[in-house]
There are 2 protein chains.
Amino acid sequence: MNISIFGPIHYSGSCLKNAAANNTYICKMKTVIIGSGNVAYHLCRAFSESGISLTQVFGRNEAALSAISTELKIPYSVTEPADADLYIIAVSDTSVAEVSAQIKKNDCIVAHTSGSLPKEILQGDYRRASFYPLQTFSKDKPLDYSSVPIFVEAEHAADLETLTSLAERISGRVSAADFETRKYMHITAVFACNFVNHLFARAKEIADSRQIPFAYFEPLIDETVEKIKTLEPKTAQTGPAVRNDERVLNLHREILTGEHLKIYNVMNESIKKMYEL
Amino acid sequence: MNISIFGPIHYSGSCLKNAAANNTYICKMKTVIIGSGNVAYHLCRAFSESGISLTQVFGRNEAALSAISTELKIPYSVTEPADADLYIIAVSDTSVAEVSAQIKKNDCIVAHTSGSLPKEILQGDYRRASFYPLQTFSKDKPLDYSSVPIFVEAEHAADLETLTSLAERISGRVSAADFETRKYMHITAVFACNFVNHLFARAKEIADSRQIPFAYFEPLIDETVEKIKTLEPKTAQTGPAVRNDERVLNLHREILTGEHLKIYNVMNESIKKMYEL
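Residues numbered from 1 in each chain as written. Chains lettered and ligands numbered in written order. Predicted model: local features only at pLDDT ≥ 70, side-chain atom pairs only at ≥ 80, totals over all residues. Heavy atoms only, no water.

**Observations regarding the packing of aromatic side chains**
Turning to step 1, where the next piece is worked out: The final tally for this structure, using the stated rule, is 14 aromatic pairs over all chains.
Turning to step 2, where the next piece is worked out: Relative to A:Phe151, the ring of A:Tyr132 lies with its centre 6.5 Å away and its plane at 40°, an arrangement referred to as tilted. One end of the pair, A:Tyr132, is in strand S6 (residues 127-133); the other, A:Phe151, is in strand S7 (residues 150-154), with 19 residues separating them in the sequence. Residue A:Tyr132 shares its accessibility class with A:Phe151, and that shared class is buried.
Turning to step 3, where the next piece is worked out: One aromatic cluster is present, built from ring pairs that chain together A:Tyr132, A:Phe151 and B:Tyr216.
Turning to step 4, where the next piece is worked out: One cation-aromatic arrangement involves A:Lys234 over A:Tyr275; the distance from NZ or CZ to the ring centre is 5.9 Å. (Phe/Tyr/Trp six-rings, centres within 6.5 Å; stacked < 30°, edge-to-face > 60°. Helix = DSSP H or I, 4+ residues; strand = E, 2+ residues; numbered from the N terminus. Buried < 20%, exposed > 50% of the residue type's maximum accessible area, 1.4 Å probe, protein only. Lys NZ or Arg CZ within 6 Å of the ring centre and 35° of its normal.)

Here it is, written out as structure tokens:
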């Protein structure tokens, strides 16, 4: 870790001199995860698997908290967040402000996990921060956190260092990123992940309509993703739109209806614009 | 291979009695690939690597043919297709009819490789067929053909068997599929591959606009694809649209312009319709 300490040091009782001391501090630091959804669950799991014992997982959904608690041996509460040095809020964007106001302690770091919120959303006199894991989380799908990029931001340099050290315990790809950068990362992720998944869902509907097993398309999907690791996506484009093949485009337009047709048209227009066809 | 022979047998001089005989025939059969683009190149390569010697690669682009010929040790011609038992036409859809008319021989199979053309497009008195590899082909990217699904169709059962045997020499996933099925496969592939790649290209533009390395998104993209191998794409959906998070959607709409905004709106509307939001 190469972040120099140039801001005030706020750790209660700790004296942060160097990375080693910081690492020791990370292990002693009391951390509470707030939330019981996919992001909270995978964070709890990643910390547990990295030997970082969490003080508590706190939230409203007792069934979900109880399940996390039982699986990962972390105390939970639905009534009050435990005393801690760091609170990581992993709830839906709309609840972050309200949840953050429940933390009455001042001498602590509070970080949210959203790509689309500034740290200023946090309502309290504590030191505000952000801890943004760039990944798609589904509860039913195990996840290797070590390759998940994590972006950290803090009001104070020492806190940035603490969050960086902590993030580096679970991931090999940790960087600092401000709100403006996070916002663009999030939009990029929406295109490269959320919309891509929706295309898979719509593609599957089309295949299902003719009883074509969607598994046939797995090698194609794998190759589509493998390709862009060695070629620019713009260079890797194939298909009727980039060939300007009006016959095929019309053939497809005759078959498609509803949302399929709307997506078909807007994507093809966008492809044609990109390649000036 | 489990396709029974119930049609007339047309092989000149050969007597096809069973799969073993057929396999021997495959090795002796004279095959010409027509075309010099990505599909032609990867087919030539897959056949060569599977020990099937091709009689010729035929086309118009001498530079491309010469390169294929040199790399894979296959004779080439730009003037006349060699005498053969099977011609596989791997040219752009718009050229298939014209190219197919150049084959004057009758006692042979002629197959095109298009997902969007019926075998009836082929202009000649030979036995018409189709040999459709479901994959995205880029010349600069090596490809493992063994997992590429290949769909075959023929006027005669014996030819279907021959094409199936041949396809099975290069791929472990060979099925019969008529034009109607191929058409839907192709549209599915356009959504699951061509449009997905275009989303990557547009996503990269957004990341580039803020100097965010696109490599940050690789784990996210990998996970998006891995997820749908164990979850239905519809179940795996994440992101602001499926959460009906209007604040984030508006935040993004304020930033995006042009094609990015058009794609953003149509995809989110489609997601909301799918989940009845």
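On we go from here.
**Remarks on unusual backbone geometry**
Turning to step 1, where the next piece is worked out: The backbone of A:Glu276 shows a phi angle near 50°, a positive value even though the residue is not glycine.
Turning to step 2, where the next piece is worked out: Its location among the elements puts A:Glu276 in the segment after helix H10 (258-274).
Turning to step 3, where the next piece is worked out: A relative accessible area of 74% places A:Glu276 in the exposed class.
Turning to step 4, where the next piece is worked out: For B:Gln211, which is not glycine, the phi dihedral falls at a positive 55°.
Turning to step 5, where the next piece is worked out: Within the fold, B:Gln211 resides in the loop between helix H6 (179-209) and helix H7 (218-227).

**A few points about the interface of chain A and chain B**
Turning to step 1, where the next piece is worked out: Contacts between the two partners involve 93 residues from chain A and, on the opposite side, 93 residues from chain B.
Turning to step 2, where the next piece is worked out: Buried surface at the junction of chain A and chain B, both sides included, amounts to about 9,300 Å², of which 69% is carbon and sulfur.
Turning to step 3, where the next piece is worked out: For the pair chain A and chain B, the number of links is 10 salt bridges.
Turning to step 4, where the next piece is worked out: With a shortest N-O distance of 3.2 Å, A:Glu232 and B:Lys204 are connected by a salt bridge. (Contact = heavy atoms within 4.5 Å. Buried area = accessible area lost by both parts, 1.4 Å probe. Salt bridge = Lys/Arg side-chain N within 4 Å of Asp/Glu carboxyl O.)

**Details of the pairing of strand S4 (residues 86-89) of chain B**
Residues and elements named next belong to chain B.
Turning to step 1, where the next piece is worked out: Residues Leu86 and Ile88 point to one face of S4 and Tyr87 and Ile89 to the other, with burial holding for every one of them.
Turning to step 2, where the next piece is worked out: For strand S1 (residues 31-34) and S4, the ladder comprises four bridges, and the chain directions are parallel. Residue pairing for S4: Thr31 is matched across the bridge by Leu86.
Turning to step 3, where the next piece is worked out: Handedness of the S4-helix H4 (residues 93-100)-strand S5 (residues 109-112) crossover: right-handed. (Pairing = 2+ DSSP bridges. Right-handed = clockwise from strand over helix to strand, strands pointing away.)

**Section: the environment of A:Ile103**
All names here are of chain A.
Turning to step 1, where the next piece is worked out: As for its position among the elements, Ile103 is in the loop between helix H4 (93-100) and strand S5 (109-112).
Turning to step 2, where the next piece is worked out: For Ile103 and Tyr87, which are 16 residues apart along the polypeptide, the C-alpha to C-alpha distance reads 8.6 Å.
Turning to step 3, where the next piece is worked out: Those residues within four positions of Ile103 in sequence are excluded, and the remaining contacts are Ile34, Tyr87, Ile89, Cys108, Val110 and Tyr126.

**A word on the pattern of salt bridges**
Turning to step 1, where the next piece is worked out: As enumerated under the stated definition, the model contains 44 salt bridges over all chains in all.
Turning to step 2, where the next piece is worked out: One salt bridge in this structure joins A:Lys204 and A:Asp208, with 3.0 Å as the shortest N-O distance. Of this pair, A:Lys204 and A:Asp208 both sit in helix H6 (residues 179-209), four residues apart, roughly one helical turn.
Turning to step 3, where the next piece is worked out: The class for A:Lys204 is buried, based on a relative accessible area of 16%.
Turning to step 4, where the next piece is worked out: Residue classification places A:Asp208 among the partly exposed residues on the basis of a relative accessible area of 38%.
Turning to step 5, where the next piece is worked out: Measuring nitrogen to oxygen at the nearest pair gives 3.8 Å for the salt bridge that ties B:Arg253 to B:Glu246.
Turning to step 6, where the next piece is worked out: Overall, the relative accessible area of 28% leaves B:Arg253 in the partly exposed class.
Turning to step 7, where the next piece is worked out: The exposure class of B:Glu246 is partly exposed, given its relative accessible area of 34%.
Turning to step 8, where the next piece is worked out: Within the structure, one salt-bridge network assembled from shared partners comprises A:Lys119, A:Glu120, A:Glu153 and A:Arg182.

**Points about the confidence of the model for chain A**
Turning to step 1, where the next piece is worked out: In this model, chain A carries a mean pLDDT of 89, and residues with pLDDT of at least 70 account for 91%.
Turning to step 2, where the next piece is worked out: Two summary scores accompany this predicted model of the complex, namely pTM at 0.82 and ipTM at 0.82. (pLDDT = per-residue confidence, 0-100.)

**A closer look at the pairing of strand S1 (residues 31-34) of chain A**
Residue and element names in this part refer to chain A.
Turning to step 1, where the next piece is worked out: Here S1 shows no split at all, with Thr31 and Ile33 on one side and Val32 and Ile34 on the other all buried.
Turning to step 2, where the next piece is worked out: As paired elements, S1 and strand S2 (residues 56-58) share three bridges and run parallel to each other. Opposite Ile34, over in S2, you have Phe58 as the bridge partner.
Turning to step 3, where the next piece is worked out: Once you follow S1 into helix H2 (residues 38-49) and on to S2, the crossover reads as right-handed.

**A closer look at the side chain of B:Gln135**
Turning to step 1, where the next piece is worked out: Relative to the assigned elements, B:Gln135 resides in the loop between strand S6 (127-133) and strand S7 (150-154).
Turning to step 2, where the next piece is worked out: Among the polar contacts listed, one links the side chain of B:Gln135 to the backbone oxygen of A:Pro219, at a separation of 3.4 Å.
Turning to step 3, where the next piece is worked out: The contacts of B:Gln135, once residues within four sequence positions are left out, are A:Pro219, A:Leu220, A:Glu223, B:Leu143 and B:Val148. (Polar contact = N/O pair within 3.5 Å; in protein donor to acceptor, adjacent residues only side chain to side chain.)

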